[in-house]
Amino acid sequence: MLNVPSQSFPAASSQQRVAPAGQSGRNKVALKPGHSLMDWIRVAKSGRDLTGLRGRLIDVTEEELQKHNTRHDCWTCIRGMVYNVSPYMDFHPGGEEELMKAAGIDGTDLFDQVHRWVNYESMLKECLVGRMAVKASTALKAKSVIKDTITHLNGQAPPPSPTFMLPPAFLIPPSPSSLQPSAAPPPPQPKDARPRYDWFQTDVTVNIVVFTKRKLPNSGCTIVDLQDGVLRVEVLLGKMSYMLRQRLAQEVDGSVAVHTACAVGKIQVSMRKAAKGKWEELGEPLEFHDSLFRMKDRAIFYRECMLVSKTEVTHDTWVFRLQLPLGTLMHVPVGKHIYLKALIHDSEVVKPYTPVEETLVPATLDSTQGTAATDIFLMIKVYPDGVLTPHLNNLNIGDHLSVSSPDGPFSLRLLREVTHLYLLAAGTGFTPMARVIRLALQDLGSLRKTKLMFFSRQERDILWHSELDGLAAEDERFQVEYILSEPCDGWTGRKGRVEASMLTDFLLRPEGSKVFVCVCGPSAFTELTVGLVRQHCFSEEEIHAFQG
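Model, not experiment: these values are computed from the prediction.

Draft legend 1. Summary view of unusual backbone geometry. A positive phi angle is found at His345, which is not glycine, with a value near 55 degrees. Mapped onto the fold, His345 is located in the loop between β20 (338-344) and β21 (347-353). Look at Asp346: it is not a glycine, yet its phi comes out positive at around 65 degrees. Residue placement: Asp346 occurs in the loop between β20 and β21.

Draft legend 2. Focus on the nonpolar core. By size, the foremost hydrophobic cluster in this structure holds 53 residues, and its most contacted members are Leu340 and Leu392. The greatest single-element share of this core, amounting to five residues, is contributed by strand β11 (residues 230-237). With residues up to four places along the chain from it excluded, the contact list for Leu340 reads Leu322, Val349, Val350, Lys351, Tyr353, Leu378, Ile380, Leu388, Leu392, Leu401, Ser402 and Val403. Counting 38 residues, the second largest nonpolar core, distinct from the first, contains Val356, Ala434, Ala440 and Tyr482.

Draft legend 3. Spotlight on the sheet that holds strand β13 (residues 252-261). The strand order across the open sheet built from four strands is β8-β9-β14-β13, with neighbouring strands paired in antiparallel fashion. Across the chains shown, the open sheet's two edge strands, defined by having one partner strand only, are β8 (196-201) and β13. For this sheet the average axis-to-axis angle between neighbouring strands, irrespective of direction, equals 20 degrees. Alignment of β13 against strand β14 (residues 266-273), held across seven bridges, turns out to be antiparallel.

Draft legend 4. Seen up close, the packing of aromatic side chains. This structure, assessed with the given rule, holds nine aromatic pairs. Measuring from ring centre to ring centre gives 6.3 Å for Phe430 and Trp464, while their planes differ by 85 degrees; the resulting arrangement is edge-to-face. Of this pair, Phe430 sits in helix α8 (residues 430-443) while Trp464 is found in the loop between β26 (449-456) and α9 (465-474), placing the two residues 34 residues apart along the sequence. An identical accessibility class is assigned to Phe430 and Trp464; each is buried. Consider the rings of Phe454 and Tyr482, whose centres lie 6.5 Å apart with planes at 45 degrees: the pair is tilted.

Draft legend 5. Fine view of the pairing of strand β29 (residues 515-520). In terms of burial, β29 is a largely internal element, six of the six residues being buried. Examined bridge by bridge, strand β25 (residues 420-426) and β29 share six bridges and lie parallel to one another. Its bridge partner being in β29, Leu424 is matched across the sheet by Val519.

Parameters at a glance
Residues numbered from 1 in each chain as written. Predicted model: local features only at pLDDT ≥ 70, side-chain atom pairs only at ≥ 80, totals over all residues. Heavy atoms only, no water. Helix = DSSP H or I, 4+ residues; strand = E, 2+ residues; numbered from the N terminus. Core = buried A, V, L, I, M, F, W, Y, C linked by side-chain atoms within 4.5 Å. Buried < 20%, exposed > 50% of the residue type's maximum accessible area, 1.4 Å probe, protein only. Contact = heavy atoms within 4.5 Å. Pairing = 2+ DSSP bridges. Axes fitted to C-alpha atoms, helices over the stretch in contact; angles between N-to-C directions. Phe/Tyr/Trp six-rings, centres within 6.5 Å; stacked < 30°, edge-to-face > 60°.

As structure tokens, then:
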């Protein structure tokens with residue numbers, strides 16, 4: 001799965017990923033001319049021998065892998081498959097130094113820290129050297145364990161406790177296509193802490209009840225997908241994800257309803273039977289059914305959404321409205337992002353975006369009313385020389401896009417009891433701020449003041465300019481200030497780029513207050529701004545950076 005020109009998570013032109021305070025993200029380098037993503041696609045399809053093996057695939061021992069650890073002879077292993085990444089060095093936006101960290105070793109953990117969501121098999125398929133060879137000693141140990149287990153099952157002495165883990169697919173090596181990142185369960189938790197589920201039925205409905213054993217957020221945490229008779233229910237529980245996945249025993253109508261009792265942690269998923277009658281069973285459990293995962297380990301799931309409208313915000317930025325398919329219910333929590341995936345030039349391109357609401361100021365205080373469960377709104381700046389955004393801009397109403405489930409570590413607990421919320425945004429770094437502003441003014445009873453400092457190039461680049469001005473006029477708790485780096489002669493506001501003196505009067509800490517700062521923009525802006533905020537004596541716990 002290919003990323004956009006900056007493969008930092010997300011790209012330099014996007015400000016979508018949320019990162020804990022204090023993280024500065026990956027280093028990025030300026031790519032040489034002719035080394036963009038599209039250039040790499042052309043190289044990969046040129047027929048050149050990118051492995052040095054003339055099309056052969058080999059079994060690579062650990063000793064052999066370690067020999068290939070130089071700039072011009074760099075092999076690395078990802079999930080059991082070995083790649084020669086030397087040809088990709090000059091195309092990697094993270095730079096040579098990042099790739100060399102995995103030279104001659106297993107780079108799976110390093111890869112997962114930044115690009116867990118990227119399908120490296122597609123991007124590096126022409127660089128595939130072969131599979132890591134299983135050591136003979138491991139094979140002998142595995143054979144011994146199998147023999148001892150058979151002896152034990154025959155009633156003889158119990159086998160000794162093994163001191164190693166048998167590879168899951170030791171007897172049948174996995175194919176390359178099966179080695180993309182997948183969900184792996186975390187260490188088991190105490191049994192009584194795990195969610196559980198049950199089901200019941202009437203003549204016309206079938207219902208699944210999940211008991212999470214914890215309080216749930218009011219913003220919604222349940223994602224339901226019903227596709228071709230397979231029901232997938234995912235419950236987002238902070239850093240964990242609980243999943244149910246079954247092929248239903250009989251047909252149901254396409255629509256699904258979800259009812260949540262937040263205070264007691266109970267979720268009920270209801271479906272109407274296609275035909276009245278009694279079901280003998282709910283269905284056939286599928287892979288990962290009734291499983292609890294770490295959020296960072298769970299596989300990324302996509303569904304096909306339809307473009308239903310496109311609204312101009314500025315001269316180069318639009319709000320794309322995507323409709324979820326029948327059978328899907330999904331609410332993207334504030335601060336989380338989703339991924340868009342599209343096939344461009346025969347390669348999959350993926351990019352993360354943070355949803356916004358349809359408008360900044362709601363027509364009703366109920367932000368979940370109306371289209372929240374069926375539509376997703378994305379504010380996207382179209383770059384003429386981009387890879388994904390021109391494709392999005394050329395979509396027709398009725399065309400489809402693959403949209404992932406929500407991702408990202410942001411938590412509303414960060415805003416608990418906050419009295420003064422300070423937001424610093426540059427360009428489309430405003431997108432995660434939009435819903436934070438809306439939520440703060442609607443739902444934070446402790447809030448006294450929300451202030452936004454918004455950096456743009458020109459006045460025409462300011463996103464939702466009139467709506468922000470209108471909100472500031474209507475709610476005395478909200479204040480916005482615009483700073484332009486390339487203002488016109490008639491601009492009377494502040495000019496320039498972010499600097500320490502700008503923040504002195506902005507980042508106030510009134511007596512008895514609880515303050516919190518959110519920052520989002522291009523990586524250079526975010527890193528500089530977070531550093532300036534720290535200089536004003538704000539702690540790590542009081543800063544959250546939406547990394548770009």
